[in-house]
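# Breakdown of the fold
For reference, the chains in residue letters:
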Amino acid sequence: MGLSEVSELCYKITESYLKLNHETSIIIETQNAIRLTRHYLLDDIFTRWSPINGEISFSYNGGKDCQVLLLLYLSCLWEFFIVNAKRSQFEAKYQKFPMEQLPTVFIDQDETFTTLENFILETSKRYNLSLYESKKEVGRNQSMADAFRDFLKIYPETKAIAIGVRSTDPYGELLKPIQKTDSNWPNFTRLQPLLHWKLANIWSFLLFSNEPICALYVHGFTSIGGIKNTIPNPYLAVQNKENKENKAPKLYFEWEIKNSFNNGESPTNKRIGTSVSYLDKADEKISIGLGQTKFFPGWYLIDDALERAGRLKK
Ligand code: FAD
Ligand code: MG
Ligand code: MG
């Protein structure tokens, strides 16, 4: 799949989700969340910065939030192209999708999980990302702001960067969908069209999409930081049978998983249980290191306040 095809796929996933009439409050809320994000992207962002000439870059770390934003971003890119193509005097089918790769930036700040690194590389291929990776030796002793300074030296045409940050993230509460960086950061515009998304919305859309997701989530992670300060979420631990009081957490997304996009038509993409992304050997010892505790998958947790319970204090 080229960028054109995968953008069209994301468009179809999004349209299918918006058409769902299985009315759970989570699905209705997520449909509204998608509509608002699409409005930011199509009406406020792509009208001010061109998505096709390198003015906008995408910040990507393989996490669930920026993956959701990526799916919506590509979906809107497709819509932006088709709408413009229809306005043109030439028939849309004779027009070439205006770009081959999406400018993307990953700052390799902490020592990361090999599983996550593999996932970033796999998905860079899948979504046709032209991935800028900060230099490891530098990045790990460098502030994120300085890493972005280096990035801008190489890509000075960048005017705005899309970020999958949500209001429930630390210091996220006061952020706005479109805002300049703070004074101690290099100067560009932050595009944050996912602020209003709750954890439940993220999982509902991502599980429905049937896209590969990082295997760490399958093993109980709910928020992925550096390897030294992230463990699976303790609230998802499967406790031993002796502990009779321990109840299994409720799965809110059974319907999305059963009725996921294209389910049955693409057997290679059966993700739940046998994720396309796999837990790397190097990371298997992490779960063993935790005293053989098993964990429910990350999507069994929908309380935003507990999302980072697996993050240890640095
Ligand atoms: P996460 O959920 O891990 O990250 C939220 C989003 O940030 C991700 O979805 C992804 O889009 C992006 N992101 C996170 N880590 C990386 C990474 N290693 N490489 C690439 N993208 C990543 N803070 C300020 O105080 N002032 C600023 O002006 C400011 N500008 C920023 C501009 C950009 C482009 C980015 C990516 C971050 C900026 N930040 C700024 C920091 C930001 O507010 C978050 O603190 C930071 O993204 C870490 O997020 P998190 O780990 O809390 O949440
Ligand atoms: Mg996040
Ligand atoms: Mg982070």
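Coordinates for the structure precede this section.
What counts and how
Residues numbered from 1 in each chain as written. Chains lettered and ligands numbered in written order. Predicted model: local features only at pLDDT ≥ 70, side-chain atom pairs only at ≥ 80, totals over all residues. Heavy atoms only, no water. Axes fitted to C-alpha atoms, helices over the stretch in contact; angles between N-to-C directions. Helix = DSSP H or I, 4+ residues; strand = E, 2+ residues; numbered from the N terminus. Parallel < 35°, antiparallel > 145°, perpendicular 65-115°, else oblique. Contact = heavy atoms within 4.5 Å. Nonpolar A, V, L, I, M, F, W, Y, C, P; charged D, E, K, R; others polar. Expected span 1.5 Å × (residues − 1). Buried < 20%, exposed > 50% of the residue type's maximum accessible area, 1.4 Å probe, protein only. Phe/Tyr/Trp six-rings, centres within 6.5 Å; stacked < 30°, edge-to-face > 60°. Lys NZ or Arg CZ within 6 Å of the ring centre and 35° of its normal. Polar contact = N/O pair within 3.5 Å; in protein donor to acceptor, adjacent residues only side chain to side chain. Salt bridge = Lys/Arg side-chain N within 4 Å of Asp/Glu carboxyl O.

### Quick word on the packing of helix α2 (residues 25-45) against helix α7 (residues 199-209)
Here α2 crosses α7 at 90 degrees, and the two axes come no closer than 9 Å. Compared by their axis directions, α2 and α7 come out roughly perpendicular. Across from I26, I27, E29, T30 and I34 in α2, the residues of α7 making contact are A200, N201, S204 and F205. Taken together, the residues of the contact of α2 with α7 break down into five nonpolar, three polar and one charged.

### Quick word on the side chain of T14
Here T14 lies in helix α1 (residues 3-19). Setting aside residues up to four positions removed in sequence, T14 forms contacts with I34, R38, L71, L72, S75 and F205.

### Description of helix α3 (residues 64-87)
In this model α3 runs 35 Å from its N-terminal to its C-terminal C-alpha over 24 residues, within 8% of the 34 Å that 1.5 Å per residue would give. For α3, the tally of buried residues reaches 19 of 24 residues, placing the bulk of the element in the interior.

### Focus on the packing of aromatic side chains
Counted according to the given criterion, the structure contains 19 aromatic pairs. Note on F148 and F188: the rings are 6.0 Å apart at their centroids and 45 degrees apart in plane angle, and the pair reads as tilted. A residue pair is termed long-range when its members are at least 10 positions apart, and F148 in helix α6 (residues 144-154) and F188 in the loop between β5 (178-180) and β6 (189-191) qualify at 40 residues. The same class applies to F148 and to F188, which are both buried. With a centroid separation of 5.2 Å and an interplanar angle of 40 degrees, the aromatic rings of F296 and Y300 are classed as tilted. Ring pairing ties together the aromatic residues Y132, F148, F151, Y155, W185 and F188, which thus form one cluster. A cation over an aromatic ring shows up here: K250 above the ring of Y252, its NZ or CZ 4.9 Å from the ring centre.

### Points about the environment of R308
With respect to the element layout, R308 can be found in the segment after β8 (294-295). In this structure R308 touches D169, P170 and S223, once residues within four positions along its chain are discounted. Reaching out from R308, the side chain makes a polar contact with the side chain of D169 at a distance of 3.0 Å.

### Some words on the pattern of salt bridges
Within the structure shown, the criterion is met by 17 salt bridges. Here K64 ties to E307 by a salt bridge, and the two come within 2.7 Å at their closest N and O atoms. Separated by 243 residues along the polypeptide, K64 in helix α3 and E307 in the segment after β8 bring together distant segments of the chain. We note that K64, like E307, is buried. For K153, the salt bridge goes to D150, with nearest N and O atoms at 3.5 Å. Here K153 and its partner D150 are both found in helix α6, three residues apart, which amounts to about one turn of the helix. Assessed through its relative accessible area of 65%, K153 is described here as exposed. Ionic contacts of the salt-bridge type, sharing partners, join the residues K64, D65, R166, D304 and E307 into one network.

### Brief notes about the side chain of N201
The topology assignment puts N201 in helix α7. At 2.8 Å, the side chain of N201 forms a polar contact with the backbone nitrogen of K198. Ignoring anything within four residues of it in the chain, the contact list for N201 reads I26, E29, T30 and H196.

### Re α1
An ideal rise of 1.5 Å per residue puts 24 Å on 17 residues; α1 measures up with 24 Å between its terminal C-alpha atoms. Within α1 the residues assigned to the buried category are L3, V6, S7, L9, C10, I13, T14, Y17 and L18. Of the surrounding secondary structure, the elements contacted by the buried residues of α1 are α2, α3, β2 (102-106), α4 (114-126) and α7.

Interpretation in functional terms is not warranted from these geometric data alone.
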